[in-house]
Amino acid sequence: MQNAGLALGWALRVLGLGWSDGLALARTVPDGAGGVTFLPFLTGERGGVAGPGARGAWTGLREDTGRPELVRAAVEGMVFAVAAAVDLLDPAPAASAVAPVAGPPVSRPEGEPGAVVVTGGGSRDPLVRRLLADALGRPVHRVGLRSATAVGAALLAARGTGDPVEPVVATDEPELPGPGRADVVGHLARWREAAAALA
């Protein structure tokens, strides 16, 4: 998924909210954002979730739609775009390891086939991790590592030179799919329909 966090940041800015205030407001609205859907394709999409000509949109607006529903839809739209990208890369959570670009397989958290490991600013919020766990039906672990992209690039470079670097990854307690998962999956299906219609 290209720029999901950027799209959420844009939506928060347009709504006059900062990250913490926006996510707090999003938590006041139930899953499904009152029927509002946000498609975060502000810069197109090249990851297979939508086409390069796709653009962002809020759909399902009604007279009683307000900032809370818009920001909740933006959070869900970001999460659903990431979930759709994960499904493209790893649709069946049956394998217990993934093959990296170079070197031996990198194990997922032990005993959790299909677990997803996330990093970045948006993943700090428990709502984001809970929605992603529900959308994917998989445990979601957050790596509390600053500059994870730079660290990953350094690891790939080291492996490319033949250095057998083995990363040590510490994660927070996993966010597990919860009892509201069926509702989130239904909202994800509605989001996929809206994304396909604009692709």
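Coordinates for the structure precede this section.
Residues numbered from 1 in each chain as written. Predicted model: local features only at pLDDT ≥ 70, side-chain atom pairs only at ≥ 80, totals over all residues. Heavy atoms only, no water.

## Some details on the packing of aromatic side chains
Definition in use: What counts as a ring pair is set by centres within 6.5 Å for rings of Phe, Tyr and Trp (its six-membered ring), and what kind of pair is set by the plane angle: stacked under 30 degrees, edge-to-face over 60, tilted for all other angles. Helix and strand labels come from DSSP, where a helix needs a run of H or I of at least four residues and a strand needs a run of E of at least two; each type is numbered from the N terminus. Only protein chains enter the area calculation, which uses a 1.4 Å probe; residues under 20% of their type maximum are buried, those over 50% are exposed, and those in between are partly exposed.
Enumeration according to the criterion identifies five aromatic pairs in this entry. Aromatic side chains Trp10 and Phe38 sit 6.4 Å apart centroid to centroid with 15° between the ring planes, which places their arrangement in the stacked category. With a gap of 28 residues between them, Trp10 in helix 1 (residues 4-14) and Phe38 in strand 1 (residues 37-39) connect regions that are remote in the sequence. Given the relative accessible area of 29%, Trp10 is considered partly exposed. On the basis of an interplanar angle of 55° and a centroid distance of 6.0 Å, the ring pair of Phe41 and Trp191 is categorised as tilted. In this pair, Phe41 sits in the loop between strand 1 and strand 2 (57-59) while Trp191 sits in helix 6 (residues 181-198), placing the two residues 150 residues apart along the sequence. Of the two residues, Phe41 and Trp191, both sit in the buried class.

## Considerations on the packing of helix 1 against helix 3 (residues 67-89)
Operational definition: All axes here are fitted lines through C-alpha atoms, helices being fitted over the stretch that makes contact, and every angle between N-to-C directions spans 0 to 180 degrees. Roughly parallel means an angle under 35 degrees; roughly antiparallel means over 145; roughly perpendicular covers 65 to 115; every other angle is labelled oblique. Only heavy atoms enter the contact rule, under which two residues are in contact if any of them lie within 4.5 Å. Residues are grouped as follows: Ala, Val, Leu, Ile, Met, Phe, Trp, Tyr, Cys and Pro are nonpolar; Asp, Glu, Lys and Arg are charged; all remaining types, including Gly, are polar.
At their nearest, the axes of helix 1 and helix 3 sit 9 Å apart, and the two run at 175° to each other. Relative to helix 3, helix 1 is oriented roughly antiparallel. Between helix 1 and helix 3, the residues in contact are Ala4, Gly5, Leu8, Ala11 and Leu12 and Val71, Ala74, Val75, Met78 and Val82, respectively. Looking at the contact of helix 1 with helix 3 residue by residue, the class counts come to nine nonpolar, one polar and no charged.

## Looking at the pattern of salt bridges
Note the cut-off: Any Lys or Arg side-chain nitrogen located within 4 Å of an Asp or Glu carboxyl oxygen qualifies as a salt bridge.
Enumeration according to the criterion identifies seven salt bridges in this entry. Among the salt bridges present, the one from Asp31 reaches Arg72, with a minimum N-O distance of 2.3 Å. Residue Asp31 is found in the loop between helix 2 (19-26) and strand 1, and its partner Arg72 is found in helix 3; the two are separated by 41 residues along the sequence. Across the salt bridge formed by Glu76 and Arg72, the nearest N and O atoms sit 2.9 Å from each other. Residue Glu76 and its partner Arg72 are both found in helix 3; the two are separated by four residues, about one turn of the helix. The exposure classification of Glu76 matches that of Arg72, with both residues buried.

## A few points about the nonpolar core
Just so we agree on the cut-off: To define a nonpolar core, start from buried Ala, Val, Leu, Ile, Met, Phe, Trp, Tyr and Cys residues and group those joined through side-chain atoms within 4.5 Å.
Grouped together as the largest cluster of nonpolar side chains are 46 residues, with contacts concentrated most on Phe41, Val71, Val75, Val79, Phe80, Leu132 and Trp191. Broken down by secondary-structure element, the contributors of at least two residues to this core are helix 1, helix 2, strand 1, helix 3, strand 5 (116-118), helix 4 (126-136) and helix 6. Among all residues touching Trp191, those that are not within four sequence positions of it are Thr37, Phe38, Leu39, Pro40, Phe41, Val49, Gly77, Phe80, Ala81 and Ala84.

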